[in-house]
Amino acid sequence: MSLRRIIGAILGHVLAAIGVAIAVATLAFIAVQTAPGDVAYRIAEAHFGERFGWGAVEQARKAMGFDKPIIVQYGKWVGSALTGQLGRSMISGRQVVPEVWRSFETTLSIAVAGVSVALVLSLAIGFAAGMRRDSVIDRAFLILSAVLSSVPSFLLGIIMITTFAIGLRWLPAAGNNLPGYAILPSITLAIALLPDLSRVARNAVVRTMQDFYPTYGRIKGQSWRRVIFFHALRPTLVPVVAYFGPLMASTIGGLVVIDVLFNLDGLGTLLIDSVLAADIPMAMGAGLLIGISVVVVNGIADIAAQLLDPRLIAPGARS
């Protein structure tokens with residue numbers, strides 16, 4: 001893959017991230033403008049309690065810029081989203097960016113652990129089933145993956161909590177203050193990702209083993225291990241990595257459910273609490289980071305898939 005194509009791909013995803021920021025900021029602005037009641041009144045009530053005067057309401061209105069024309073408010077709102085200056089929470093008064101980032105660190109740790117387990121297991125299962133096409137192992141895998149695909153992530157989480165936290169008492173059921181708190185959420189995420197990734201890996205292995213290079217390797221007397229690692233692994237990774245980006249985008253909702261189900265102080269919990277409290281700046285910050293994360297994951301997966309694709313290697317570059 002040429003440097004020009006890499007730079008072009010990166011610029012394309014940067015523009016997509018900017019578009020996501022503008023879209024999220026616009027939706028949040030519309031939510032503020034169409035929210036029932038006086039937003040400045042709610043802010044003053046949150047800051048001063050039930051005993052406050054109209055002077056506090058006007059002070060809150062000026063502080064949030066609600067006394068300016070609509071077009072000026074919108075421009076300032078979008079500019080804040082693009083520069084990362086998201087202001088303060090309407091409820092707690094705390095800075096939005098540090099609160100959102102703190103919650104994102106918790107969610108990121110769960111996501112990295114769960115995704116890593118899912119990728120490793122999906123490749124192992126995909127090779128085990130794909131290299132024995134139509135065997136008992138392959139058919140059993142297809143049936144099991146179909147069953148797991150139909151189970152929602154919240155039900156998987158409930159099963160994990162009931163079995164390992166309540167029944168066996170091996171791991172904490174909720175919260176992120178006890179040792180091992182990340183194990184059950186990470187495994188739940190990995191199981192939710194595993195069926196689709198494994199099927200993609202299995203189908204890729206079936207196609208790859210029908211190509212020339214694995215067959216030629218076996219004719220030369222190479223071991224299955226060498227055939228897998230030197231001839232089949234890279235072509236198999238291409239569709240798995242390419243599919244990983246869209247899959248993670250559809251799994252964001254599952255991460256929100258996992259945060260709430262396991263009572264984690266993560267981005268999903270922050271988003272739900274902010275929406276229920278009508279804390280628009282905090283909800284915008286959480287939504288903005290989720291949207292940009294999807295763009296970043298898609299971008300990394302897209303570039304990685306292009307780098308792994310053997311068809312992009314220049315003629316004569318093969319050893």
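In the annotation of an unreviewed UniProt entry, the protein chain is listed under the name ABC transporter permease and assigned to Rhizobium puerariae. In its Subcellular location (unreviewed entry) section, the UniProt entry covering the protein chain states "Cell membrane". What the UniProt record of the protein chain gives under Sequence similarities (unreviewed entry) is the line "Belongs to the binding-protein-dependent transport system permease family."

(A) Region of interest: the pattern of salt bridges. The tally for this structure, following the rule as stated, stands at 4 salt bridges. One salt bridge in this structure joins Asp265 and Arg102, with 2.4 Å as the shortest N-O distance. Of this pair, Asp265 sits in the loop between α10 (224–261) and α11 (267–276) while Arg102 sits in helix α5 (residues 96–130); the two residues are 163 residues apart in sequence, bridging distant segments of the chain. Close ionic contact of Asp138 with Arg202 constitutes a salt bridge, the shortest N to O distance being 2.7 Å. Here Asp138 is found in helix α6 (residues 136–149), whereas its partner Arg202 is found in helix α8 (residues 183–209), with 64 residues between them in sequence. The same class applies to Asp138 as to Arg202, namely buried. The structure contains a network of salt bridges with shared partners spanning Glu99, Arg102 and Asp265.

The rules behind these values
- Throughout this description, residue numbers start from 1 for each chain and increase along the sequence as written.
- Local features in this predicted model are restricted to residues of pLDDT 70 or higher, and side-chain atom pairs are both shown and tallied only at a pLDDT of 80 or more, whereas totals for entire chains, interfaces and linings draw on every residue.
- Side-chain numbers come from the whole structure's heavy atoms, not from hydrogens or water.
- UniProt positions are given in the numbering used here, feature names are shortened, and annotations may be inferred rather than shown by experiment.
- Here a salt bridge means any side-chain nitrogen of Lys or Arg lying within 4 Å of a carboxyl oxygen belonging to Asp or Glu.
- Numbering of helices and strands runs from the N terminus, with a helix taken as a DSSP run of H or I at least four residues long and a strand as a DSSP run of E at least two residues long.
- Residue burial is assigned from relative accessible area. The probe radius is 1.4 Å, only protein chains are included, and a residue is buried under 20% of its type maximum, exposed over 50%, and partly exposed in between.

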